[in-house]
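Structure at a glance
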Amino acid sequence: MHERLLTMMELSNAFIALPGGFGTLEELFQMIFWAQLNIHNKPIGMLNINGFFNGLSSFVDHAVEQKFITQRAQKILISATTADELVDKLQAFRFEPDPALSKLKWSPSSSQKEKLDLTLRL
């Protein structure tokens, strides 16, 4: 599955989730997570047909209110009720990397390990 998602990420210009089940949600959240980590900067959208994703949108709003998701990260996920509206929003999307995470390098060629100080200080 991971190889398929990686190929999908490399070949696409954007990601659109249609109503679906756990597999759809897993792929949607994987792409959001990779964007949050600055692995890609492509727009991610949900086609919210007949309010299918309303519950998910409410959950994300709640997670932002509770400070589990930043407002910057919330902007990664775009939602629209029609295909035309979603395409317009995806085309207008401008990625805003998280400054704390923008220093991370995820390409295989930048796999130099830095030593972390994991000393316990009391």
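See the structure above.
A few points on the structure.

Along the protein chain, the regular secondary structure elements total five helices and three strands. What you see in the protein chain, going N to C, is helices and strands ordered as α-β-α-β-α-α-β-α. The proportion of buried residues among the 122 residues of the protein chain is 29%. When contacts within the protein chain are restricted to residue pairs at least 6 apart in sequence, long-range pairs at least 24 apart make up 69% of them. For the protein chain, the exposed area adds up to about 9,000 Å²; of that, 58% sits on carbon and sulfur atoms.

Let's shift gears to empty space enclosed by the protein. Under the defined criterion, the tally for this structure stands at one cavity of 30 Å³ or more. In this model, the largest cavity occupies a volume close to 60 Å³. Around the largest cavity sit Ala35, Gln36, Asn38, Thr70, Arg72, Ala73, Ile76, Phe95, Glu96, Pro97 and Asp98, which together line it. Elements that contribute at least two residues to the lining of the largest cavity include exactly α2 (22-36) and α4 (71-74).

A few words on the sheet that holds strand β3 (residues 77-80). Across the sheet, three strands lie side by side as β1-β2-β3; this open sheet has parallel pairing. The sheet is open, and its two edges are formed by β1 (15-17) and β3, each paired on a single side. Direction aside, neighbouring strands of the sheet carry axes that sit 25° apart on average. Bridge count for β1 against strand β2 (residues 44-47) is three bridges, and the pairing is parallel.

Our focus in this paragraph is the pairing of β2. Side chains Ile44 and Met46 project from β2 onto one buried face, and the interleaved Gly45 and Leu47 project onto a second face that is buried too. With respect to chirality, the unit in which β1 leads through α2 into the neighbouring parallel β2 is right-handed.

This part takes up the packing of aromatic side chains. One pass over the structure, following the stated rule, counts two aromatic pairs. Ring geometry for Phe52 versus Phe53: centroids 5.0 Å apart, planes at 90°, classification edge-to-face. Judged by relative accessible area, Phe52 falls into the partly exposed class, the value being 43%. On the accessibility criterion, Phe53 (2% relative accessible area) is buried. Arranged with centres 6.5 Å apart and planes meeting at 55°, the rings of Phe93 and Phe95 form a pair that is tilted. Phe93 sits in the buried class, given a relative accessible area of 14%. For Phe95, a relative accessible area of 22% translates into the label partly exposed.

Conventions adopted
Residues numbered from 1 in each chain as written. Predicted model: local features only at pLDDT ≥ 70, side-chain atom pairs only at ≥ 80, totals over all residues. Heavy atoms only, no water. Helix = DSSP H or I, 4+ residues; strand = E, 2+ residues; numbered from the N terminus. Buried < 20%, exposed > 50% of the residue type's maximum accessible area, 1.4 Å probe, protein only. Contact = heavy atoms within 4.5 Å. Areas by Shrake-Rupley, 256 points an atom, 1.4 Å probe, with all protein chains shown as cover. 1 Å grid on protein atoms, 1.4 Å probe; cavity = no way out; pocket = protein on both sides within 12 Å on 5 of 7 lines; lining within 4 Å. Points joined across faces, edges and corners; volume = space filled by probe spheres on them. Pairing = 2+ DSSP bridges. Axes fitted to C-alpha atoms, helices over the stretch in contact; angles between N-to-C directions. Right-handed = clockwise from strand over helix to strand, strands pointing away. Phe/Tyr/Trp six-rings, centres within 6.5 Å; stacked < 30°, edge-to-face > 60°.

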